[in-house]
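# Inside the fold
Spelled out from the first residue to the last, the chains are:
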Amino acid sequence: MREWEKNIRKVTPYTPGEQPKQQNVIKLNTNENPYPPSPKVAEALRRMTTETMRKYPDPTARELRDAIAAEYRVRPEQVFVGVGSDDVLAMAFLTFFNSGKPILFPDITYSFYDVWAGLFQIPYERPALNERFEIVKEDYFRENGGIVFPNPNAPTGLQMPLSDIEEILRHNRDVIVIVDEAYIDFGGASALGLLEKYENLLVVQTFSKSRCMAGMRVGFAFGCEDLIRCLNDVKYSYNSYTMNEAAIRLGAAAVSDHAYFSETCRKIRDTREDAKRKLAQLGFSFTDSQANFLFVTHESCPARELFGALRAAGIYVRYFDKPRIDNYLRITVGTDEEMEALYRFLRQYLKK
Ligand SMILES: *Cc1c(COP(=O)(O)O)cnc(C)c1O
């Protein structure tokens, strides 16, 4: 090893899903929304000029925070915004997980959590999901340096009842508990209402899935004013201008269109429930996902094989070569047309 290499931070980075270059692929691999953002976003975009870019943006992203606060009926001081929820979560890890005690998150979950823990040198333990892939709440009733889990969980899509989340909070009053609600708008019950009772709760959401804006990179979090102040102190100590002017304006425009948002989420839910019926007929079993994806395994065809066959046919889904889930595929819910193309291929390939 060369001398200068010894003091370099060594990390194993997160591997995002593939973004294929060719046209005409059916992209069901990264949980993007198949629908465009609200027409209000397109309008706001047309109002933007290069003059908008000349000045620094508002470091407090006031317009966006106010819009989120109004929509969710909280005070703007309870809202933190970041460059996608990945940025929000990374800031939260950096800000809140400093006790030296292991933080807790499930063995099967969003694969960025162990990456941030590695980056920030936070010890962690990963209680196993049960055989039905559910989070076992009792595993979180022990001493720890903080807790984070998605609800619904990824890639299982399973939601945890709010009463279980509250029990976890009741057993963990001295650490920060982060509920990552990236998929909450597709069916789960949000923990937002628990904020009043638990000042150690941080609820994280994103514009990437339910608001059709993964490319714009907007995420946000709700917490008590003290938690949000601490997050902002860390953020402003690192980079004050993470939220660019376009993200602020277009994000605010998206939040203002509640009707479009509910309609888009409803379409995804309908397509998802229809997919459950169709995939069952094709010999698949799956969790009762409340997210915008399905987590499926086939009675005879190995997931790895099916993943390759789908990919060769231009249908991209996600395969995780990891213990316990290496015979499963995660399939993002697309439009009805995209899903029909998926079923057509599967009927043919599985000769059903
Ligand atoms: C997609 C996702 C995120 C992050 O998404 P951003 O695009 O960074 O907002 C966070 N957590 C989970 C569980 C996700 O699936």
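Remember, it's a predicted structure, so these values are computed and weren't measured experimentally.

### Observations concerning unusual backbone geometry
Between Asn151 and Pro152 the backbone carries a cis peptide bond, its omega angle lying at -10°. Position of Pro152 among the secondary structure elements: in the loop between strand 5 (147-150) and helix 6 (162-170). In this chain, Ala154 is followed by Pro155 through a cis amide linkage whose omega measures 0°. Tracing the backbone shows Pro155 in the loop between strand 5 and helix 6.

### Quick word on the nonpolar core
Judged by nonpolar contacts, the single largest core of 50 residues is most densely connected at Ile68, Phe149, Leu201, Phe207 and Phe222. Considering each element in turn, this core owes the most residues, seven residues, to helix 8 (residues 245-256).

### What to know about the packing of helix 4 (residues 84-96) against helix 7 (residues 225-236)
Orientation of helix 4 relative to helix 7, taken along the N-to-C sense of each, is 100°, at an axis distance of 9 Å. Classified by the angle between their axes, helix 4 and helix 7 sit roughly perpendicular to one another. In contact with Met91, Ala92, Leu94, Thr95 and Phe96 of helix 4, helix 7 contributes Leu227, Cys230, Leu231, Val234 and Lys235. The residue makeup of the contact of helix 4 with helix 7, split by class, is eight nonpolar, one polar and one charged.

### Comments concerning the environment of Asp107
If you trace the backbone, Asp107 turns up in the loop between strand 3 (103-104) and helix 5 (113-119). You can call Asp107 partly exposed: its relative accessible area is 24%. Asp107 sits 98 residues away from Arg9 along the chain, and the two C-alpha atoms are 25 Å apart. A distance of 2.9 Å separates polar atoms of two side chains, one belonging to Asp107 and the other to Arg324.

### Examining the domain arrangement of the protein chain
When the domains of the protein chain are assigned, the result is domain 1 (17-36 + 259-350) and domain 2 (41-256). Once you take the C-alpha centre of each, domain 1 and domain 2 turn out to be 25 Å apart. Counting residues at the interface gives 25 residues for domain 1, matched by 27 residues for domain 2. Between domain 1 and domain 2, the buried area comes to about 2000 Å², and carbon and sulfur atoms account for 64% of it. On the domain 1 side of the interface with domain 2, the three residues burying the most area are Phe261, Gln290 and Arg324, jointly 33% of the side's total. We note a salt bridge from Arg324 to Asp107, for which the minimum N-O separation is 2.9 Å. At the boundary of domain 1 with domain 2, the tally comes to nine residue pairs in polar contact (both at pLDDT 80 or more).

### A word on the site of the ligand
Neighbouring the ligand are Gly84, Ser85, Asp86, Leu89, Tyr110, Asp180, Ala182, Tyr183, Thr206, Ser208, Lys209 and Arg217. One of the side-chain N or O atoms of Ser208 is found 2.6 Å from an oxygen atom in the ligand. Arg217 is positioned with one of its side-chain polar atoms (N or O) 2.7 Å from an oxygen atom of the ligand. In isolation the ligand exposes 380 Å². Once the protein is present, 93% of that is buried. Broken down by element, the shell around the ligand gets its largest block of residues, four residues, from helix 4. Here the shell around the ligand is built from residues that sort into four nonpolar, four polar and four charged.

Scoring rules and cut-offs
Counting of residues starts from 1 at the beginning of each chain's written sequence and follows it residue by residue. This being a predicted model, a pLDDT of at least 70 is required before a residue's local features are given, and a value of 80 or more before pairs of side-chain atoms are given or counted; all residues contribute to the totals for chains, interfaces and linings. Side-chain calculation: all heavy atoms of the structure are included, whereas hydrogens and water are not. Strands are runs of DSSP state E lasting at least two residues, helices are runs of H or I lasting at least four, and both sets are numbered from the N terminus onward. Buried Ala, Val, Leu, Ile, Met, Phe, Trp, Tyr and Cys residues that are joined via side-chain atoms within 4.5 Å together make up what is termed a nonpolar core. With a 1.4 Å probe rolled over the protein chains alone, any residue whose accessible area is under 20% of its type maximum counts as buried; one over 50% counts as exposed, and the rest are partly exposed. Every axis in this analysis is a line fitted to C-alpha atoms, fitted for helices over the stretch in contact. Angles between the N-to-C directions lie between 0 and 180 degrees. Should an angle fall under 35 degrees it is taken as roughly parallel, and over 145 as roughly antiparallel, whereas 65 to 115 is taken as roughly perpendicular and any remaining angle as oblique. By definition, residues are in contact when any of their heavy atoms lie within 4.5 Å. In this classification, the charged set is Asp, Glu, Lys and Arg, the nonpolar set is Ala, Val, Leu, Ile, Met, Phe, Trp, Tyr, Cys and Pro, and all remaining amino acids, among them Gly, are polar. In the analysis that follows, any N or O atom pair within 3.5 Å is treated as a polar contact, provided that within protein one partner can donate a hydrogen and the other can accept it, and provided that, for residues neighboring in sequence, both atoms belong to side chains. Just so you know, the domain bounds were taken from an automatic or database domain assignment. Buried area is understood as the total, over both parts, of accessible area removed when two parts are fitted together, assessed with a 1.4 Å probe. What makes a salt bridge here is a side-chain nitrogen of Lys or Arg within 4 Å of a carboxyl oxygen of Asp or Glu, nothing more. Each residue is tested against the molecule or strand, and it is near if at least one of its non-hydrogen atoms lies within 4 Å. Here the Shrake-Rupley method, with its probe set to 1.4 Å, supplies the accessible areas, and only the displayed protein chains count as covering residues.

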